[in-house]
Amino acid sequence: MQTTLRFDSLLVHGGLEPGPAGATSVPIVQSSSFAYETAEALEDVFRGRAVGQVYTRLGNPTTEALERRLALLEGGGAAIATASGMAAITTTVMTIIRAGDEILASSSLFGGTFSLFRDTLSNFGVTVRFIDPLDLEGFRSAINEQTRLLFVETVGNPKLDVPDIPLLAEIAHQAGLPLIVDATVTTPCLATGASLGADIVVHSTSKYINGAGTSIGGVIIDRGVFDWNSQKFPHFEQFYKKYRAFAFTARARKLVHKDVGACAAPFNSFLLTEGIQTLALRMERHCSNALALARILKRHPKVAWVNYPGLEDSPQHTIAGKLYGGRYGGLLTFGTGEKASAFKVINGLRLAKNLANIGDAKTLVIHPASTICADYNAEEKALMGVTEDLIRVSLGIEDCRDIIEDFEKALDSV
Amino acid sequence: MKITINGKETALAENPARTVESLLDELDVAQRQYISVELNGEILERDAFGNTPVQSGDILEFLYFMGGGR
């Protein structure tokens, strides 16, 4: 029944099973481990003969409810909820690559992912090549014998560049490689992994999926469409033999996710199953508020530039409109010409909060060059589209008039 | 005929057309996509489920991903 529901209904009902005493919200099973009456019963679960819970690092009923819903929302497959978005990316990449392998990644990645790829993975013999995600030929020509995966974001953060994901998927698949897409900024509301042609989708669920900034989480959704039966992936052989389409999820669950231990906390999974119910309504407002503010900023005398894919003159407008159904997301960036005036604007805001997050019901701002991107050199900042005057705004769902007034007053102080 | 599934002896009606695939249907095994099958101690390729006959005395293991059943 559930798979036939439409998207907005799946947000509310997807994967929901009858709760104790008729409960309609997902029960919080705050237990580290699960007892069995007999040694034989627990042995059966450990061997995989029976479905059951063992230990919350490996699986938990609250987290499983979240996983079922997120998998349905991406168009089917299997999901693994993790402790954070970074945990989702780390687990995904470590499941696929081995020492000596190469990753082709977008050069405008979120700073945390950039750091994982540039600094952490390089210590384990993995090479990551960063390529402009709009340069499709660059991706195609960078693929070599060692390449094992392509990794891009639906919308670069904070660069707000919008790669043509279906074409990148084609390039990856022609080379027998999986395309991993971080869709945190667009959420399954604007486009599903299925509609984009991604093989594996990751999200930081801390953002729009949670919606209220109350917890950290991530998810990996394996769409079960990539063919792992390849000489490139000899370490998948046993998993492919047993699980075919879900070889990736089997390898992740039985090895990397289990061993790394970056599991979702049951209470956080509960908050996410609650929060996600209103995702479609919130995304509409995030998008319309962003467009309204972008238009105001665009003609403001103290604003030097505005970057929002929803603006008609944005170079990203056409592709973003095509891939995301005429909706352009809740993030915009703008500049006032220099760092000092950017700081003045941020200090003058009253409603918008100055913090390192996106996707909250509240409007948020940050100056990336001095905070989330402070560790990167000038060349890297340029690749990420981070200038000294850039302010990133994550539009909340407040009344648009209050947001606009807040920014207008703050700009008056410049 | 009698076969052993996950360590339990199971009696089934005689059916010469029965395959591993049809047995999974017959037993209404849940979460089919996440299950692997061992037949008489050997891992059975997923593509072979539909053309592998189930014979009397066979020992089958239907195995889920460990932990949380996925």
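Fair warning: this is a prediction, and the values are worked out from it, not measured in the lab.

### Concerning the packing of aromatic side chains
Residues and elements named next belong to chain A.
Okay, so step 1: Applying the stated rule across the entire model yields twelve aromatic pairs over all chains.
Okay, so step 2: Between Phe 226 and Phe 233, the ring centres sit 6.0 Å apart and the planes meet at 85 degrees, which makes this aromatic pair edge-to-face.
Okay, so step 3: On the numbers, 6.1 Å between centres and 70 degrees between planes, the contact of Phe 334 with Phe 407 is edge-to-face. Highlighted residues: Phe 334 in strand 9 (residues 331–335) and Phe 407 in helix 17 (residues 400–412), separated in sequence by 73 residues.
Okay, so step 4: Feature note: the residues Phe 226, Trp 228, Phe 233, Phe 236 and Phe 248 constitute an aromatic cluster, connected by ring pairs.

### Considerations on the packing of helix 13 (residues 279–298) of chain A against helix 17 of chain A
Residue and element names in this part refer to chain A.
Okay, so step 1: At a closest axis distance of 10 Å, the pairing of helix 13 and helix 17 adopts a crossing angle of 30 degrees. By the angle between their axes, helix 13 is roughly parallel relative to helix 17. Seen from above, helix 13 lies across helix 17 with right-handed handedness. From helix 13, Asn 289, Ala 292, Leu 293, Ile 296 and Leu 297 reach across to helix 17, where they touch Cys 400, Ile 403, Ile 404, Phe 407, Glu 408 and Leu 411.
Okay, so step 2: Class assignment for the residues of the contact of helix 13 with helix 17 results in nine nonpolar, one polar and one charged.

### So, the interface of chain B and chain A
Okay, so step 1: At the junction of the two partners, chain B supplies 23 residues and chain A supplies 28 residues.
Okay, so step 2: When chain B packs against chain A, close to 2400 Å² is buried across both sides, 55% of that on carbon and sulfur atoms.
Okay, so step 3: The residue Asp 47 of chain B makes a salt bridge to Arg 244 of chain A at a minimum N-O spacing of 2.9 Å.
Okay, so step 4: Across the contact surface, chain B and chain A share seven residue pairs in polar contact (both at pLDDT 80 or more).
Okay, so step 5: Looking at the side of chain B that touches chain A, the elements that each hand over two or more residues are strand 3 (35–39), strand 4 (42–44) and strand 5 (59–64) of chain B.
Okay, so step 6: The leading source of residues in the side of chain B that touches chain A is strand 5 of chain B, at four residues.

### Looking at the sheet that holds strand 10 (residues 353–354) of chain A
Residues and elements named next belong to chain A.
Okay, so step 1: The five strands lie next to each other as 8-9-12-11-10, forming an open sheet whose pairing is mixed. The open sheet has two edge strands with one neighbour each: strand 8 (305–307) and strand 10.
Okay, so step 2: The pairing of strand 11 (residues 364–366) with strand 12 (residues 390–394) spans three bridges and is antiparallel. Note on strand 12: the bridge partner recorded for Ile 366 is Arg 392.
Okay, so step 3: Helix-sheet contacts for helix 13 involve strand 8, strand 9 and strand 12, and the interaxial angle to strand 9 is about 15 degrees.

### Some thoughts on the layout of surface pockets
Residues and elements named next belong to chain A.
Okay, so step 1: The calculated volume of the largest pocket comes to roughly 430 Å³.
Okay, so step 2: Phe 110, Ser 204, Lys 207, Asn 357 and Ile 358 are the residues nearest the centre of the largest pocket, which is lined by 27 residues in total.
Okay, so step 3: When contributions to the lining of the largest pocket are tallied by element, the ones reaching two or more residues are helix 4 (85–96) and strand 6 (200–204).
Okay, so step 4: Of the residues that make up the lining of the largest pocket, three or more belong to each of domain 1 (2–14 + 56–276) and domain 2 (279–412).

Definitions and cut-offs
- Residues numbered from 1 in each chain as written.
- Chains lettered and ligands numbered in written order.
- Predicted model: local features only at pLDDT ≥ 70, side-chain atom pairs only at ≥ 80, totals over all residues.
- Heavy atoms only, no water.
- Phe/Tyr/Trp six-rings, centres within 6.5 Å; stacked < 30°, edge-to-face > 60°.
- Helix = DSSP H or I, 4+ residues; strand = E, 2+ residues; numbered from the N terminus.
- Axes fitted to C-alpha atoms, helices over the stretch in contact; angles between N-to-C directions.
- Parallel < 35°, antiparallel > 145°, perpendicular 65-115°, else oblique.
- Left-handed = near helix turned anticlockwise from the far one by under 90°.
- Contact = heavy atoms within 4.5 Å.
- Nonpolar A, V, L, I, M, F, W, Y, C, P; charged D, E, K, R; others polar.
- Buried area = accessible area lost by both parts, 1.4 Å probe.
- Salt bridge = Lys/Arg side-chain N within 4 Å of Asp/Glu carboxyl O.
- Polar contact = N/O pair within 3.5 Å; in protein donor to acceptor, adjacent residues only side chain to side chain.
- Pairing = 2+ DSSP bridges.
- 1 Å grid on protein atoms, 1.4 Å probe; cavity = no way out; pocket = protein on both sides within 12 Å on 5 of 7 lines; lining within 4 Å.
- Points joined across faces, edges and corners; volume = space filled by probe spheres on them.
- Domains from an automatic or database assignment.

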